[in-house]
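Below, each chain spelled out in residue letters.
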Amino acid sequence: MAQQGKQFGPEYVRAISPYIAGKPISEVAREFGLDEAAIVKLASNENPLGMPESARAAMAAAVAELGRYPDANGFELKAALSARYDVPADWLTLGNGSNDILELAAHALVKPGESIIYAQYSFAVYALATQEVGARAIEVPARDYGHDLDAMAAAIAADTRLIFIANPNNPTGTFLPAADIEAFLAKVPSDVVVVLDEAYNEYLDPELQYESVNWVRKYPNLMVSRTFSKAYGLAGLRVGYAVAQPELTDLLNRIRQPFNVNSLAQAAAVAALADREFLSRSATLNREGKAQLVAAFQRLGLQYVPSYGNFVLVRVGDDNDAGARVNLALLKQGVIVRPVGNYGLPQWLRVTIGLPEENAAFIAALEKALG
Ligand SMILES: *Cc1c(COP(=O)(O)O)cnc(C)c1O
């Protein structure tokens, strides 16, 4: 604490509440006197299959070169992404997780006092990135727990520089059909940048998939961000990327750390991108696990938000302590999920879809916790 009224840094930095991450297994084991091996973690939307074997092998081969700096331009990973999306390499930005991309966008595009738009109940990093740059947040009320795109378009102010949209959204799991996003993009002024955050895109059923890169070709003010942390199973390595036209890409490139994606992460991501089998196994497991959780919620009479991601938001009580109370009762049984009171959803918990036996352990613990 500063003693003499001397405080460091701008007020907008001091006002930030730090990001609350899912509790690590080791911490819960220590706190509750549990065996680590018996703990089930369904708190951070990680892939329950772990990382792909293909990525492990690629990293093993890359270890020999760790004495050197990574490729600052990510040549091989960009070449692979370039081929996948049929865009030139100068349309691609690599990030230390897609989190990095979201922050780079705010830092590159927004000055203190200008505004950034995002939806109520959308990903916590949008609010953080806004505060970090001293921007003004315009948080648009959600509709049925998802983005209200008409209200978001109407909220655009003269000083709005950036709009964050998550599709599917975290923590609610809601989804915006392609036609709605397309109509929204047509309404946004050309000097306002839209970041379309598609962290869970790979989990969408084939009939819902759309090719957002085609919108990037049409709109120079659109940036699509994706990640290797979720369906690709590489959360611990921190790799994400953005697709945008060269003018925007060039801006992000100027302010990113020169070596923001490490060598192992680059090698693993190249391998994972080519591993269609792992991706389809992840999506299938997720679909089945979602059905398992939803069936249990229905049986228990619990309200939930139909999810298009690898997690489900479920309402565990009517009072404003319900989320925290049920969360604690789950922790005592060695099940880690995510309370979402910090999102303004104190009656709800967000549960990542796990392996069938992990889902079953969660359901049994939940039944006990609800008495
Ligand atoms: C998990 C997540 C991300 C980013 O994760 P990274 O690990 O930083 O790539 C981005 N957006 C949303 C909506 C997420 O849920």
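No experiment lies behind these values; they were computed from the predicted model shown.

S.K.: Give a description of the overall build of the chain that names residues and reports values.
M.R.: Scanning the chain for helices and strands turns up 14 helices and 13 strands. Against the 2.2 N^0.38 benchmark of 21 Å for 371 residues, the chain shows a C-alpha radius of gyration of 21 Å, consistent with a compact globule. When the 371 residues of the chain are sorted by exposure, 52% land in the buried category. Contacts spanning at least 24 positions in sequence make up 73% of the contacts within the chain whose residues lie at least 6 apart. As displayed, the chain offers around 16500 Å² of accessible surface, 53% of which is attributable to carbon and sulfur atoms.

S.K.: Now, about the pattern of salt bridges: what can you tell me, with residues and values included?
M.R.: Evaluated as defined, the whole model comprises 16 salt bridges. Here Asp-150 ties to Lys-187 by a salt bridge, and the two come within 2.9 Å at their closest N and O atoms. You can see Asp-150 sitting in helix α7 (residues 149–154) and its partner Lys-187 sitting in helix α8 (residues 178–187), a full 37 residues away along the chain. Residues joined by salt bridges that share partners form a network here, namely Lys-23, Glu-27 and Glu-31.

S.K.: With reference to specific residues and values, describe the packing of aromatic side chains.
M.R.: The geometry of an aromatic ring pair is captured by two quantities: the separation of the ring centres and the angle between the planes. Inspection of every chain in the model, using the stated rule, returns 14 aromatic pairs. Between Phe-297 and Tyr-304, the ring centres sit 6.2 Å apart and the planes meet at 40 degrees, which makes this aromatic pair tilted. A connected cluster of aromatic rings, assembled from ring pairs, spans Tyr-85, Phe-228, Tyr-232 and Tyr-241.

S.K.: Before we move on, can you summarise the nonpolar core with the specific residues and values?
M.R.: Of all hydrophobic cores here, the largest spans 58 residues; its most connected members are Leu-81, Met-152, Ile-163, Ile-165, Phe-184, Leu-222 and Phe-228. The element best represented in this core is helix α11 (residues 263–274), accounting for seven residues. Formed by 33 residues, the second largest nonpolar core is a distinct cluster that contains Tyr-118, Ala-129, Ala-242 and Leu-248.

S.K.: Please set out the domain arrangement of the chain residue by residue, giving values where relevant.
M.R.: Per the domain assignment, the segments making up the chain are domain 1 (22–50 + 277–370) and domain 2 (53–274). If you average the C-alpha positions of domain 1 and of domain 2, the two centres end up 26 Å apart. Carbon and sulfur atoms supply 63% of the area buried between domain 1 and domain 2, which totals about 2000 Å² over both sides. Of all residues in domain 1, Leu-279, Tyr-308 and Tyr-343 give up the largest surface area on contact with domain 2, accounting jointly for 34% of the area buried on that side. Our enumeration of links across domain 1 and domain 2 arrives at one salt bridge. Between the two partners, domain 1 and domain 2, sit eight residue pairs in polar contact (both at pLDDT 80 or more). Of all the secondary-structure elements, those providing two or more residues to the side of domain 1 that touches domain 2 are α12 (276–299), β10 (311–315) and β13 (345–352).

S.K.: Outline the UniProt feature "modified residue: N6-(pyridoxal phosphate)lysine" (unreviewed entry) in the chain, listing residues and values.
M.R.: With numbering matched to this structure, UniProt assigns "modified residue: N6-(pyridoxal phosphate)lysine" (unreviewed entry) to Lys-230. As for its placement among the helices and strands, Lys-230 is situated in the loop between β7 (222–227) and β8 (240–243). When neighbours within four sequence positions are excluded, Lys-230 is seen to be in contact with Ser-44, Asn-45, Asn-47, Ala-199, Tyr-200 and Tyr-203. Of note is the side chain of Lys-230, whose polar atom sits 3.1 Å from the side chain of Tyr-200.

Cut-offs and rules
- Residues numbered from 1 in each chain as written.
- Predicted model: local features only at pLDDT ≥ 70, side-chain atom pairs only at ≥ 80, totals over all residues.
- Heavy atoms only, no water.
- Helix = DSSP H or I, 4+ residues; strand = E, 2+ residues; numbered from the N terminus.
- Rg over C-alpha atoms; globule rule 2.2 N^0.38 Å.
- Buried < 20%, exposed > 50% of the residue type's maximum accessible area, 1.4 Å probe, protein only.
- Contact = heavy atoms within 4.5 Å.
- Areas by Shrake-Rupley, 256 points an atom, 1.4 Å probe, with all protein chains shown as cover.
- Salt bridge = Lys/Arg side-chain N within 4 Å of Asp/Glu carboxyl O.
- Phe/Tyr/Trp six-rings, centres within 6.5 Å; stacked < 30°, edge-to-face > 60°.
- Core = buried A, V, L, I, M, F, W, Y, C linked by side-chain atoms within 4.5 Å.
- Domains from an automatic or database assignment.
- Buried area = accessible area lost by both parts, 1.4 Å probe.
- Polar contact = N/O pair within 3.5 Å; in protein donor to acceptor, adjacent residues only side chain to side chain.
- UniProt positions renumbered as here; feature names shortened; annotations may be inferred.

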